[in-house]
Amino acid sequence: MTPVFRNVFLFLFLLTLLTYAGFCQTPTQTLRGTVTDASQGRPLAGASVQLRSLSSGTSDIGTITDEQGRFRLPNVPVGRHQVTISFLGYEPTVINEVLVESGKEQVLEVQLQPGVQQLGEATAVGARTDRTISAENITIEQVLRFPASYLDPARLATAYAGVVTTNDGTNNISVRGNSPNSLLWRLEGVEIVNPNHQSNAGTIGDRPTAAGGGVNMLSAQLLGTTRFLTAAFPSDYGNTVGGVMDMSLRPGNNERHEFIAQAGLIGLDLAAEGPLSKQKGSSYLVNYRYSFTGLLAAMGVTFGGEDIRFQDLSFNLTFPTRKGGRFTVFGLAGNSSNDFIAKAVDEQEEDKDRNTIRFTTRMAAGGLTLSQPLGTRWLWKTALVVSANRAARTLDFPGDTRFRPNYEMDTQKAARSTLTTSFNYRINARNSFRTGVYLTYTDNRLDVWRGMMPPVISSANGSLINGSVEGWMIQPYVNYQWLPVDNLTINAGFFYNSFTFNQSRSLEPRASVTWDVKPGRALTVAYGLHSQPQLPQVYFRLLDQQTGPRPNPNVNQSLGFTKAHHVVLGYKHQLTPDSYWKLEAYSQQLFDVPISAVPGSAFSALNLIESYVDEPLVNAGKGRNQGVELTYQKYLSRNFYVLASGSVYESKYRGSDNVWRSTRFDGGFTSNLTAGKEWTKSREGRSRIWGLNGRLTYAGGFRDRPIDLTASQQQSTTVYSSEEFSVKLPAYFRTDLRVYWKKSKARYSRTLSLDLQNLTGAQNAFYSYFDAFQGKVVQRYQLGLIPILNYRWEF
């Protein structure tokens, strides 16, 4: 062999080895982000960032942040990782469940909490350390992984203690025994109108609800971390006595263009993001979604005879400002419809088959936000957010009109315009305060009509609500934080709630104490007085069709806020950086609840979901929710995770008859076990992950109202007896299973998943009603087995 030929052969042999080695390498991706001061928003230069693989347990990648708080870790192997960030004078933070995939860069925004001394590592979820009592942070990675989430953070929240769905077909949730109408939705720190498609889903009367629906209008592609609070809220939260779902939008990638395409039973999602200006660091993120059921409906396929459609468009534009500040412009808009056409006479089997029902919703929201550090001690935040929705329902009943009208119309409109501003000021390492104000103009309009066709609205033709609830809500707040010693944190402040519609006012003290007994072990106590205005339909009395003088429809407009004292005691033990258990006991004492002005009635507004009120009310009712909750969570590490939660509770109320009764939502107990396992395999330049996730739910049944069969038969409609919610429904049991397969190659990643909701097809009772067509009381059940196939492609 000549020297030339030998050299050529050696070169080709080495080239072959290098090529083969390249094919065998695990695909990689860049993990980067920023580290800032949580209270001041300032970039932290010189913070240490360490990466640990959750599959192998190795920790051999690290870096420090630059002068703008930015860090970059290139060539990170795809898979699950744990990120630890530390900086002198701040609590070290561990971020669990960081998923790196080849088709999309992983960009983290980490906020470190100041600390007098390092008392042990704080665990962060979604790159945010949160020591708020009775709070959970829900990441989109969890939403995409957990079974039965329907890609919705509100549905995932039911995996936590004390949270129960009111119906499988909706994201209406009862938090610690409260009505789902007590759930407050916020976007970018500001309260908005109901952001859900098909707000009539899962209701008895098929009418719009105030805080839920079939599908969240914000696609999971756009959401960042959602903060979910259940009681004793901090001083910057108000206008609710139940829970808070505080959603945030993630910024788009400001260095490269990326795309996501997703198709499944929920719908077709298309998302794009990338830099507007690489030099300035600005970015865009936009998503469009159209329902899969809408595509089928266009081809003539319906579900249970119903034509269900929805679509939405949302975007978020991000512009960095000086010294680590940020300016954003965001918006979303969507519409949905649900049509049921009356069946032919020879095909009718139940009362619903005789009706033509049409339901439509429209919703839009948009806003501007600014977060700007001022010097080294001040942080200024301000936002202008506008949101509005409209829900309309019509029912056409061509049958017997002796006992009922043949046409119904319900239209509800809601609009909110909010300007908010706040300041955080750190006095020194042990003292800081936060103050701000929300200025909101709210306008809610109702148009409810019952009568004969044609629908000419008049006081003599059918039942009627036709009015508006509008005015200014002025809500200042302040909070002072004091660390008297290294392991003790005290927060104290107040929230002031006022509504010019009827001059309602409430001054609400808030306080919390956290004592770090040992590193990783904390005792907590929190108190808050909270208030909430009434549902728009509660301020108006539904008028009945009659020939004589009609009562005043505005008799309830003087109703003040419903109020509640919240007290929470808790203990949390951080077992390892990726696992903890906690115990919380709570008591909510509600007062000034609207009840009947007539003595001897069992009515209470605490039991309302979507129905109207046909009697005068007074703020004289009471209620109480109290219970104990236990939670254990192990984040996904070593290829498995566990979330186990349970609670024992009671939910009671007292009407004008002075009798304490169970509320509609008094299930007595809840228990959930969610767990998952992953298997990872990498070869020939590809990485595969197989996942198996399951969830078991067992909870006490809610309450239902007994039906007066004789009166119902006489009036051809459901007539309830006077004993409110005395019927205990059977216990709720459900099994969910989710399997997925992830594949990562050099330039893209794919996920194929199958979600089997209610795997065993368990029949869980929902409510009973009198069916006039069948002439008997009928039991309605929640959803049976629902298979949801989904395919996701990131590139």
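Residues numbered from 1 in each chain as written. Predicted model: local features only at pLDDT ≥ 70, side-chain atom pairs only at ≥ 80, totals over all residues. Heavy atoms only, no water.

Participant: Help me understand the confidence of the model for the protein, please; the structure alone is not making it clear to me.
Facilitator: Do not read the predicted coordinates in detail wherever pLDDT is low. Mean pLDDT over the protein: 89, with 91% of residues reaching 70 or higher. Here residues 7-24 is a poorly scored stretch, pLDDT under 50, and it has 6 contacts once near neighbours within four places are set aside; other chains count. Low pLDDT (under 50) marks residues 454-460, which in the prediction has 12 contacts with non-local residues, meaning those over four places away or in another chain. (pLDDT = per-residue confidence, 0-100. Contact = heavy atoms within 4.5 Å.)

Participant: Whenever I open this one, the pattern of salt bridges confuses me. Can you help?
Facilitator: Opposite charge on two side chains permits them to pair, given that their charged atoms come into close proximity. Scanning the entire structure with this criterion turns up 46 salt bridges. What emerges from the salt-bridge pattern is a single network uniting Arg80, Glu97, Glu141, Arg145 and Glu678. (Salt bridge = Lys/Arg side-chain N within 4 Å of Asp/Glu carboxyl O.)

Participant: Got a minute to help me understand the packing of aromatic side chains in this structure?
Facilitator: In this description, an aromatic ring pair is defined by two values, namely the gap between the centres and the angle between the planes. In the structure shown here, the tally under the stated rule is 22 aromatic pairs. Considering the side-chain rings of Trp378 and Phe423, the 6.1 Å spacing of their centres and the 85° angle between planes classify their relative orientation as edge-to-face. With Trp378 in strand E25 (residues 378-396) and Phe423 in strand E26 (residues 407-428), this residue pair connects regions lying 45 residues apart in the sequence. Put simply, the rings of Trp378, Trp380, Phe423, Tyr425 and Phe433 touch in pairs and so form one group of aromatic residues. Over the face of the ring belonging to Tyr641 we find Arg145, whose NZ or CZ atom lies 4.5 Å from the ring centre. (Phe/Tyr/Trp six-rings, centres within 6.5 Å; stacked < 30°, edge-to-face > 60°. Helix = DSSP H or I, 4+ residues; strand = E, 2+ residues; numbered from the N terminus. Lys NZ or Arg CZ within 6 Å of the ring centre and 35° of its normal.)

Participant: What am I meant to see in the pairing of E26 here?
Facilitator: Where E25 and E26 come together, 19 bridges link them in antiparallel fashion. Across the sheet, Leu384 pairs through a bridge with Leu419, a residue of E26. Pairing analysis gives 21 bridges linking E26 to strand E27 (residues 431-451), with the strands arranged antiparallel. Along E27, the bridge assignment pairs Arg416 with Thr442. (Pairing = 2+ DSSP bridges.)

Participant: Looking at this structure, how should I read the sheet that holds strand E14 (residues 190-191)?
Facilitator: By way of backbone hydrogen bonds, the strands of a sheet pair with one another, either parallel or antiparallel. Across the sheet, 5 strands lie side by side as E10-E17-E18-E13-E14; this open sheet has mixed pairing. Edge strands, defined here as strands with exactly one partner in the open sheet, are strand E10 (135-138) and E14. With 2 bridges joining them, strand E13 (residues 184-187) and E14 adopt antiparallel strand pairing. Looking across to E14, one finds that Leu187 is bridged to Val190.

Participant: Which parts of the structure should I look at to understand unusual backbone geometry?
Facilitator: Excluding glycine, residues mostly have negative phi values, and the peptide bonds linking residues are mostly trans. Positive phi outside glycine occurs at Asp592, with the angle close to 55°. Here Asp592 is to be found in strand E33 (residues 579-596).

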